[in-house]
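Secondary and tertiary structure notes
Single-letter residue listing:
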Amino acid sequence: MDILTWGRTPWGEWMLTHISWDLLWASLFAGFAFLVAHASYMLLSAHRKRDAAETDRLEATRADLPVRIARHSLAARLFHWVMAAAMFTLLLTAFLPIAGVKFPWVEWHWMAGLVLTASIVFHIIHATVWMDFWSIWVGPKDMPELKAELMRELGREVDGPKPGKYPLGNRLYHLVIVLSALVVVTSGLFMMVRVRTPLFARNPYLLSDAKWGLTYVAHGLAGVALVGLVIAHVYFAMRPEKWWITKSMILGWITRRQYLEHHDPQRWVAR
Amino acid sequence: MGVIRDVMPAFELFQPTSIDSALELLDRHGSGAWILAGGLDSFDWLKDRIKRPSAVVDLSGVADLKGVRPMGDGLEIGAMTTLTEVVRHPVVKEKFSILMKAAEAAASPQIRNQGTIGGNVSQDTRCWYYRAGWSCYRAGGNICYADTPTAINREHAILHADRCVAVNPSDTSPALIALQAEMVIHSRDGERVVPAEEYFIGPGVDITRMTVLRTGELLTSIRLPGTWAGAHFYFEKVADRNVWDFPLVNVAAATVMSGDTIDRMRIAVNGVAATPLRLPAVENAVRGKKRDEATAVAAGDLAIAGAVPLHHNAYKVPMLRNLVRRAVRGTEPTFA
C-alpha cells in the first residue's frame, strides 16, 4: 500500500502531489474495526456504572437542582449541527468520487469548506467569550480521572473523580478533531486559491511546488483521519448508553438524574 | 511535446480477431491495458514514454468493428471504420453529409486513411503540458500548468473549465452530437448505449478521463438514427492550418425547416471545453424563429454566455459566437 504519491515538476524534480487514496480505505477499515472492537467489548465486559441506589440517594439530597439541567445552549447546538452538515458534505464530496461515484464535486466541496470554516470561527469566539472555555480541554490534571475511568471500564469500583461537564473520551475526541479540522481547514483555504471561485483571484504560484505538495498531503491526511473520526463519533452518538448525550445535543438539556449519575457536581456546577 | 524516443517501452501486444476476445483481454489486463485503434494518438503517448501500459490490445484485426451498415432508417458505423471510409460512404454522403464534412476536416488524407472514427471521438486532449508528462491534474497531480499567469494557453478552454483547461480536439464529435448519434459500448458485463453528448466527461466529473469508457470497456460502434437524415447541415472548423491540424473551434448543426422558420435544430461545438458541447439554449432559442440575421445574432450571444477566457485565448469568444451565428444562419459569408 502506498502512502504518498509523487510527480515531477517541469524542471524534472520530484515533488509530493497528494496522499495515496489507499489511505481512505485504511481509515474506513480502522473506523469500522474500532467500532466492532468497542461494541464487542461493551457486550462482553462488566463496565461500572454508578449504582442506581447511589444515584437515588444523590438525587434525594440534591432536590434543589432543577429537573432539567441545561447542557448545550441553542448557539452551541446550532454550531454543532451546522458543522456536522458541512463535515458530511465535505467527506461525501471528497471521497465518493474516489470510491467511483462521479459527479461535479469541487464547487460543493469548497462551499461546504467555507461553511465549516465560518462555523469553527463562530465556535472559537462563542466558546472563548460565552462558554467555560477550559471545560473541554484535557491536560496532566486529568490523569486521575483517566485512571478512574479506565478502572470503571474494567468493572472496578473506584473513588476517583467523575467527569465535569464533558466526559474524558469526549474531551480527547475534541482535541483530535480540533487538530484535524484546523489542518483540513487551513490547507483547504490555501487550496481554494488554486481553483476558480468568485472569492479569490486564482494564484497557483502562491506557494512553491514543494509547499503545495505538503499542503495537499496535509489536507488529504486530515481528510482521511476525519473519515475514521466521524465513524467513531456517529457510532458513539448512536450507542444506547450514550443516547442521553446525543439527545442533549438536540434538546439542550439533561435530566437531574443523568447529571448526578454521570457527572461530578463539584467539577460541573449546574445552574 | 515531450522528447520522442526511438523505442517504445516494453509491453505485451495482443491482436484479437473478435470483439469477445478483445473484451476478454481488456478484462484480464484491467487498467494496464491500452486500446490501440488507428494508433495516431496512441503512438505519441507510447513513443513519448508518457504512458506505459503493460498490454496493448490492437483492434485492427477485429472485422466486426469495421464498416458501415444500414440500421433501420439510419446507419451503424463500426468504431474501427477509418475516417476515409466514413467520408466516402455513399449513404453518409447522401443523408448525413455533416459527418462526411467533419470527418474530412480531420487531420490529413494519410491520417484519415489510418485514423478511425472510434479513435477520433475517444482521443485524448492535446494540451501540451499534459502530453509532456508533467504532473498536472489530468495526469493525477495537483496543478494545471495551462491555467497559470505565464502559461501558453491559446488553444485551451473558454467554457466549463474545472481546474483543468484542456479541450477536446475531435472534429467528428460535434457532428455526431448534432445527428443525435448513440455510442455503443461493450464490456464483459454486456452492452450499454450512451447518447453522443453523454459519451464525453468534463474535468468536474472526472479530471483524468475524456470519455465515459471505464476499464474493460470498448466503444464498438456508433449508431446514427434517421431522425436528422437529409436535414440542412452546417459544419465549419477553424484551425491554424487548412490540413493536419486540430480545431481551434468547430461547429456542427442540423436544422429542419418549416417554411422559412426553424422547426428544430441540434447544434454542437468543440474546441472550447473539455467536452464537445451541445448548445440546448441555442436550440431552444431558435425554435420557431425565422432563419435570419437577428436569430443568428441572438444565438451567437447565447453560445458565449459564461465564457471565461484565459490569458491567450480570448479570441475564441468571438470565434465561437461567429461560428454559431453562421451555423444558425446556415451560410458562410461570401468575401469579395
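So, a few notes on the structure that sits alongside this text.

Conventions we followed
- Residues numbered from 1 in each chain as written.
- Chains lettered and ligands numbered in written order.
- Predicted model: local features only at pLDDT ≥ 70, side-chain atom pairs only at ≥ 80, totals over all residues.
- Helix = DSSP H or I, 4+ residues; strand = E, 2+ residues; numbered from the N terminus.
- Buried ≥ 20, exposed ≤ 12 C-beta atoms within 10 Å, placed from the backbone.
- Pairing = 2+ DSSP bridges.
- Axes fitted to C-alpha atoms, helices over the stretch in contact; angles between N-to-C directions.
- Parallel < 35°, antiparallel > 145°, perpendicular 65-115°, else oblique.
- Left-handed = near helix turned anticlockwise from the far one by under 90°.
- Contact = placed C-beta atoms within 7 Å.
- Nonpolar A, V, L, I, M, F, W, Y, C, P; charged D, E, K, R; others polar.
- Core = buried A, V, L, I, M, F, W, Y, C linked by C-beta atoms within 7 Å.
- Arc of directions from axis to C-beta.

1. With respect to the overall build of chain A
Along chain A, the regular secondary structure elements total nine helices and four strands. Listed by position from the N terminus, the elements making up chain A come as β-β-α-α-β-α-α-α-α-α-α-β-α. Considering only C-alpha atoms, chain A reaches an extent of 75 × 40 × 35 Å along its principal axes. Expressed as a percentage of its 271 residues, the buried residues of chain A come to 21%.

2. A closer look at unusual backbone geometry
Phi at B:Ala107 takes a positive value of approximately 50°, unusual for a residue other than glycine. By the secondary structure assignment, B:Ala107 is in the loop between helix H5 (97-105) and helix H6 (109-114).

3. Some remarks on the sheet that holds strand S4 (residues 68-71) of chain B
Residue and element names in this part refer to chain B. With antiparallel pairing, the five strands of this open sheet are ordered in space as S4-S5-S8-S6-S7. Strands at the two margins of the open sheet, each flanked by one partner only, are S4 and strand S7 (190-195). Averaged over all pairs of adjacent strands, the angle between strand axes in this sheet comes to 25°, irrespective of strand direction. Two strands pair when backbone bridges link them, and strand S5 (residues 74-78) and strand S8 (residues 218-224) are joined in this way by four bridges, in the antiparallel orientation. For glycine 78, the partnering residue across the bridge sits in S8 and is serine 221.

4. Overview of the packing of helix H3 (residues 74-95) of chain A against helix H7 (residues 209-238) of chain A
Residue and element names in this part refer to chain A. Between H3 and H7, the least distance of the axes is 11 Å, while the angle of their chain directions is 125°. Classified by the interaxial angle, the pair formed by H3 and H7 is oblique. Of the two possible hands of crossing, H3 and H7 adopt the one that is left-handed. Residues Met87, Leu91, Ala94 and Phe95 of H3 lie in contact with H7, whose contacting residues are Gly223, Leu226, Val227 and Val230. Its residues placed into classes, the contact of H3 with H7 shows seven nonpolar, one polar and no charged.

5. Focus: the nonpolar core
Counting residues in hydrophobic clusters, the biggest one holds 104 residues, and the most contacted among them are B:Ile98, B:Leu99, B:Leu179 and B:Val324. Beyond its immediate stretch of four places on either side in the chain, B:Leu99 contacts B:Val86, B:Val92, B:Thr172, B:Ala175, B:Leu176 and B:Leu179. Among the nonpolar cores identified, the runner-up in size contains twelve residues, and A:Leu221, A:Ala222, A:Ala225 and A:Val227 belong to it.

6. So, the interface of chain A and chain B
Between chain A and chain B, the residue contacts involve 15 residues of the former and 14 residues of the latter. Elements represented by at least two residues in the side of chain A that touches chain B include exactly strand S1 (4-8), strand S2 (14-19) and H7 of chain A. A breakdown of the residues in the side of chain A that touches chain B according to their chemical character gives nine nonpolar, three polar and three charged.

7. Details of the pairing of strand S6 (residues 182-187) of chain B
Residues and elements named next belong to chain B. The pairing of S6 with S7 spans six bridges and is antiparallel. Residue pairing for S7: serine 187 is matched across the bridge by glycine 190. Following S6, the chain reverses through two residues before pairing antiparallel with S7.

8. Some details on helix H1 (residues 19-29) of chain B
Residues and elements named next belong to chain B. Among the residues of H1, those classed as buried are Ala22, Leu23, Leu25, Leu26 and His29. Looking straight down H1, one finds that the buried residues subtend no more than 160° of arc, so they occupy a single side. Each element contacted by the buried residues of H1 is listed here: strand S1 (12-14), strand S2 (33-36), strand S3 (55-58), S6 and S8.

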